[in-house]
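Residues per chain are reported as follows:
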Amino acid sequence: MLKAELFEIVTNGENSGVEFKRDDIRPEQLAKEIVAFANLQGGRILLGVEDNGEFTGLKRAHTQEWVLNAFRDKVHPQINPFYEEILLEKGVRIGVITIAPGILKPYVVRHNNREEVYIRMGDRSELASREQQMRLFESGGLLHVEVLPVAGTSLSTLDLSRIDYYLRSIIKDPEIPKNDSEWIERLLGLGLMAEDGMGHSVCTVAGLVCFGINPRRYLRQAGLRTMAFKGDDKVYQALLDVVLDAPLVGRWQISEAGQKQLVDEGLIEKFSSAIEPLITREAAVIDKNMRREKTWYYPWEAIRETVINALVHRDWTRTVDIEVTNYSDRIEIISPGKLPNSMTISKMKAGQRSPRNPLIMEILRDYGYVDSRGMGVRTKVIPLMRTLNEVDPEFEATEDYLKTILYRKKEKG
């Protein structure tokens, strides 16, 4: 690091990626800052700098060895830091510790026979909440929230007729359970049920949202909120504001003639029925085939793909619904949670795949709701919007959500 860069960083002050510390702090205090940065997006710790930006310099001897010992003894899993010292006027030395974003989250401070998880919150490092720890475990690949048990549920919470069809007709399972104990054993094996630690077999998140009866009764965020407004902004009076509650997959059966029939709509079908009248227009006259021509304001496949992506990739630790809002000039789809793992908008557009909920993804893929390649944004959403609506979709990713905006086709003439 050059002196000019150091001066610029100090001038800008502490933030979510920069921390100032005197070098007389204890090893566990340094470890706290290291862990907080590693659990977020990385950062720099400047040793020998006061909170007000004054350069007091390093006082202790062998600072580098002391820093490396703190990493080795207090931080778990191990992190390989980059340490350097900048020499200023009058022999003042500043230590710069650079921490990259961790890939083995969550990182913990080990001290006094305890392990504590910290995360960076603005210019402070704070103990991570239970929800934040769950997200860290998930981002580190150590936990899939979709297979966690849902309290208060049981075998009777699941629609076994839907699961029977899935086993019998979708994945061609040769052995269908015959009684409750066999069903529980099979569903535990499939990840649709789990033991709750208190002697009960309950639904997992995946089991409930894919095959549950009224999933929102037990998991409030399992629905899909659909809204519509006459203008280009939210106002007090909505044309539509409903929270849909249903399992993701429809209930199908095979007729005596061997035909596949939809008996009960799933969440995806219910959404389609609710939104279609708002995004289409029927002609005033009947054509020669005794039909009214229907005009679509958006490519339906782009909307379907975006909503299914939101359902498949949402963060189940967030206790809010997915929102699909129709305005006069656009549709916005908001999926709760930051992008999973190291995914970015650029990577998503390029077609990179990183499923947050692989079990839910596979079930929807088995039914044909999800493209087998998992590249719908690149191969469907973007090209369809460019071709049919002559405008690219917009994507906005934050720590709390991914928002996709599809702009309405402009009417000609």
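Criteria and thresholds
- Residues numbered from 1 in each chain as written.
- Predicted model: local features only at pLDDT ≥ 70, side-chain atom pairs only at ≥ 80, totals over all residues.
- Heavy atoms only, no water.
- Salt bridge = Lys/Arg side-chain N within 4 Å of Asp/Glu carboxyl O.
- Helix = DSSP H or I, 4+ residues; strand = E, 2+ residues; numbered from the N terminus.
- Axes fitted to C-alpha atoms, helices over the stretch in contact; angles between N-to-C directions.
- Parallel < 35°, antiparallel > 145°, perpendicular 65-115°, else oblique.
- Contact = heavy atoms within 4.5 Å.
- Nonpolar A, V, L, I, M, F, W, Y, C, P; charged D, E, K, R; others polar.
- Phe/Tyr/Trp six-rings, centres within 6.5 Å; stacked < 30°, edge-to-face > 60°.
- Buried < 20%, exposed > 50% of the residue type's maximum accessible area, 1.4 Å probe, protein only.
- Left-handed = near helix turned anticlockwise from the far one by under 90°.
- Pairing = 2+ DSSP bridges.

K.L.:
Account for the pattern of salt bridges, naming residues and giving values.
P.N.:
For the coordinates displayed, the defined rule picks out 34 salt bridges. Between Arg-44 and Glu-5 there is a salt bridge, and its shortest N-O distance comes to 3.6 Å. You can see Arg-44 sitting in strand 2 (residues 43-47) and its partner Glu-5 sitting in helix 1 (residues 3-12), a full 39 residues away along the chain. Ionic pairing is found between Lys-403 and Glu-332, a salt bridge with its closest N-O pair at 3.8 Å.

K.L.:
Describe in detail the packing of helix 2 (residues 27-38) against helix 3 (residues 63-74), supporting the description with residues and values.
P.N.:
Packing of helix 2 against helix 3 brings their axes to within 9 Å, and their N-to-C directions diverge by 75 degrees. With respect to helix 3, the element helix 2 is oriented roughly perpendicular. Listed contacts from helix 3 to Pro-27, Glu-28, Leu-30, Ala-31 and Ile-34 of helix 2 are Trp-66, Val-67, Ala-70, Phe-71 and Lys-74. Residue composition of the contact of helix 2 with helix 3, by class: 8 nonpolar, no polar and 2 charged.

K.L.:
Which residues make up the packing of aromatic side chains, and what are the values?
P.N.:
Throughout the structure, instances matching the rule amount to 6 aromatic pairs. Judged by centre distance (5.6 Å) and plane angle (45 degrees), the rings of Tyr-166 and Phe-211 are tilted. With Tyr-166 in helix 5 (residues 160-170) and Phe-211 in helix 7 (residues 205-211), the pair connects residues that are 45 residues apart, well separated along the chain. Like Tyr-166, the residue Phe-211 is buried in the burial classification. Their ring planes at 20 degrees and their centres at 5.9 Å tell us that Phe-229 and Tyr-327 sit as a pair that is stacked.

K.L.:
Quick one: what's the story with the packing of helix 9 (residues 300-313) against helix 12 (residues 376-389), residue by residue and with numbers?
P.N.:
Look at helix 9 against helix 12: their axes get within 9 Å of each other, and the N-to-C directions meet at 140 degrees. Crossing angle aside, the handedness with which helix 9 passes helix 12 is left-handed. On helix 12, the residues touching Glu-301, Ala-302, Glu-305, Thr-306 and Asn-309 of helix 9 are Gly-376, Val-377, Lys-380, Val-381, Leu-384 and Met-385. Among the residues forming the contact of helix 9 with helix 12, the class breakdown is 5 nonpolar, 3 polar and 3 charged.

K.L.:
Which residues make up the sheet that holds strand 6 (residues 108-111), and what values go with them?
P.N.:
The strand order across the open sheet built from 4 strands is 3-6-7-8, with neighbouring strands paired in antiparallel fashion. Where the open sheet ends on each side, the last strands, each with one partner, are strand 3 (75-76) and strand 8 (124-127). Across 2 bridges, strand 3 lies against strand 6 in antiparallel orientation. Counterpart to His-76 in the pairing with strand 6 is Val-108. Docked against the sheet, helix 2 engages strand 3, strand 6, strand 7 (114-121) and strand 8, running at close to 55 degrees with respect to strand 7. Against the sheet, helix 4 (residues 130-139) contacts strand 7 and strand 8, and its axis sits at roughly 90 degrees relative to strand 7.

K.L.:
Got a sec to walk through the sheet that holds strand 17 (residues 322-326)? Specific residues and values, please.
P.N.:
The strand order across the open sheet built from 6 strands is 12-11-17-18-20-19, with neighbouring strands paired in mixed fashion. On the outer flanks of this sheet lie strand 12 (240-244) and strand 19 (394-397), each paired with one strand and no other. Shown here is a sheet whose adjacent strand axes are inclined to one another by a mean of 10 degrees, direction ignored. The pairing of strand 17 with strand 18 (residues 330-336) spans 4 bridges and is classified as antiparallel. Across the sheet, Val-324 pairs through a bridge with Ile-333, a residue of strand 18.

K.L.:
I'd like to hear about the pairing of strand 5 (residues 93-99), residue by residue, with values.
P.N.:
Burial analysis of strand 5 places 5 of its 7 residues in the buried class, the great majority of the element. In this structure, strand 2 lies alongside strand 5, joined through 5 bridges in antiparallel fashion. From the neighbouring strand, Arg-44 faces strand 5, where its bridge partner is Thr-98. Sheet analysis places strand 4 (residues 82-87) next to strand 5, joined by 6 bridges and oriented antiparallel. In the strand pairing of strand 5, Ile-86 is matched with Ile-94. In this antiparallel pair of consecutive strands, strand 4 and strand 5, the connection spans 5 residues, and Lys-90 shows a positive phi of 60 degrees.

K.L.:
Residues and numbers for the environment of Val-307, please.
P.N.:
Tracing the backbone through its elements, the reader meets Val-307 in helix 9. Residues Val-307 and Thr-404, 97 residues apart in the sequence, show an inter-C-alpha distance of 9.4 Å. Once residues within four sequence positions are removed from consideration, Val-307 is found in contact with Leu-224, Phe-271, Val-324 and Ile-333.

K.L.:
How would you summarise helix 5 if you had to cite specific residues and measurements?
P.N.:
Within the sequence span of helix 5, burial applies to Arg-162, Ile-163, Tyr-165, Tyr-166 and Leu-167. As for helix 5, its buried residues are in contact with helix 6 (180-190), helix 7, strand 13 (251-254), strand 14 (260-264) and helix 11 (358-367). Count one or two residues on from helix 5 and you reach Lys-172, which has phi positive near 55 degrees.

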